[in-house]
Amino acid sequence: MGDDALNMLVSFLLLGAVYVPLERSFRARAQGHLRPGLAVDLAYFVLQFMFMLGLFFALHDWMAATLRGPAWVTVGVAELPRPLQAILVVVMGDLALYWGHRLSHRVPLLWRFHGVHHTSTHLDWIAAYREHPLDGIYSQLLFLGPCAFMGVLPLTIMPLLVFRGLWAVLVHCNVRLPLGLLGLVLGDPVLHRWHHANRETEHNFANLAPYLDVLFGTHHRPEEEDYALGAEGLPTTFISQLVPGAGTLELALGRDAAGEEAEPQVADAQPSAVNGLG
């Protein structure tokens, strides 16, 4: 546990050393780093690094053993050059993740867990880690399921997966960057902020593959940053987001696990045009 904590601290410092200067140099919104909800996002950062990483590796091993496709698929893919394998895996995974993401905004049970990510009212690099574990597992199954089916081990494309993980943090950053067409291929913070908008919108579901939004008619690039962020009607504290029904206990105690004042919780928020599509 000591080594894990040290690795987490080093990772936090390295990530901050990359993204904080970017946010200061290309700031999109006038917000500081010590902003509302930071304690909750830090709690999720600890959860991701201390517990979820090991679970995800175990999940990948299970998928490789369970979801492997027939020989004619795996052999055919294995005969492709490694770069083509990587492109095929990413495109198929992004396609599955796109439709799974849209579904998570429509199905109340999926939204209960995915909606946690949308409760951030301020987006920056640390807000990227606000993700319920069940939503994280769901996303991993969608994205790496095709990889397992085609018989491609995630370790063989690990550099690409690490790069996409770092870019996923970037698309949550409080920045406006001149990405151009690159933003349509890899993802753009401007597009993803609109996906988190607290208003009626059904856009930008492909976080790291916006060309899919263009293809399926869900792409929108806002010109201004004059809209509020964050879904309404969902728990706002760390424990109540993790454990359904825990908000009642927090209200009795008057604070959440991160030391913030507890707010009234809505037990069974349903996805809607605003709180499900922000």
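About the thresholds
- Residues numbered from 1 in each chain as written.
- Predicted model: local features only at pLDDT ≥ 70, side-chain atom pairs only at ≥ 80, totals over all residues.
- Heavy atoms only, no water.
- Helix = DSSP H or I, 4+ residues; strand = E, 2+ residues; numbered from the N terminus.
- Contact = heavy atoms within 4.5 Å.
- Buried < 20%, exposed > 50% of the residue type's maximum accessible area, 1.4 Å probe, protein only.
- Polar contact = N/O pair within 3.5 Å; in protein donor to acceptor, adjacent residues only side chain to side chain.
- Phe/Tyr/Trp six-rings, centres within 6.5 Å; stacked < 30°, edge-to-face > 60°.
- Lys NZ or Arg CZ within 6 Å of the ring centre and 35° of its normal.
- pLDDT = per-residue confidence, 0-100.

Topic: the side chain of Q85
Consideration 1: Here Q85 shows up in helix α4 (residues 82-104).
Consideration 2: The residues touching Q85, leaving out its near neighbours within four places in the chain, are V77, A78, L80 and V152.

Let's talk about the side chain of T119
Consideration 1: Looking at where T119 falls in the secondary structure, it is placed in the loop between α5 (108-114) and α6 (133-149).
Consideration 2: When its relative accessible area of 8% is taken as the criterion, T119 is described as buried.
Consideration 3: A distance of 2.6 Å separates the side chain of T119 from the backbone oxygen of V116, its partner in a polar contact.
Consideration 4: Separated by 3.1 Å, the side chains of T119 and Q241 make a polar contact.
Consideration 5: Aside from chain neighbours lying at most four places away, what touches T119 is R130, G230, A231, L234, P235 and Q241.

Looking at the packing of aromatic side chains
Consideration 1: Throughout the structure, instances matching the rule amount to 13 aromatic pairs.
Consideration 2: Residues Y19 and W125 carry aromatic rings whose centres are separated by 6.1 Å and whose planes lie at 20° to one another, so their mutual orientation is stacked. A residue pair is termed long-range when its members are at least 10 positions apart, and Y19 in helix α1 (residues 2-25) and W125 in the loop between α5 and α6 qualify at 106 residues. For the pair Y19 and W125, a shared accessibility class is recorded, and that class is buried.
Consideration 3: Seen from their ring centres, F45 and Y129 are 4.9 Å apart, and the 75° between their planes marks the pair as edge-to-face. Residue F45 is found in helix α2 (residues 38-66), and its partner Y129 is found in the loop between α5 and α6; the two are separated by 84 residues along the sequence. Considered together, F45 and Y129 belong to a single accessibility category, that of buried residues.
Consideration 4: Taken together, F12, Y19, F45, F49, W125 and Y129 form an aromatic cluster joined through their ring pairs.
Consideration 5: Above the face of the Y227 ring, R29 is positioned so that its terminal group lies 4.6 Å from the ring centre.

A short note on the confidence of the model for the protein chain
Any segment with low pLDDT has predicted coordinates that should not be analysed in fine detail.
Consideration 1: Taken over all residues, the pLDDT of the protein chain has a mean of 88, while the share at 70 or more is 87%.
Consideration 2: Scored below 50 in pLDDT, residues 256-270 makes 37 contacts in the model with residues more than four places away or belonging to other chains.
Consideration 3: Across residues 272-278, confidence stays below pLDDT 50; counting only partners more than four residues off in sequence or on other chains, it has 27 contacts.

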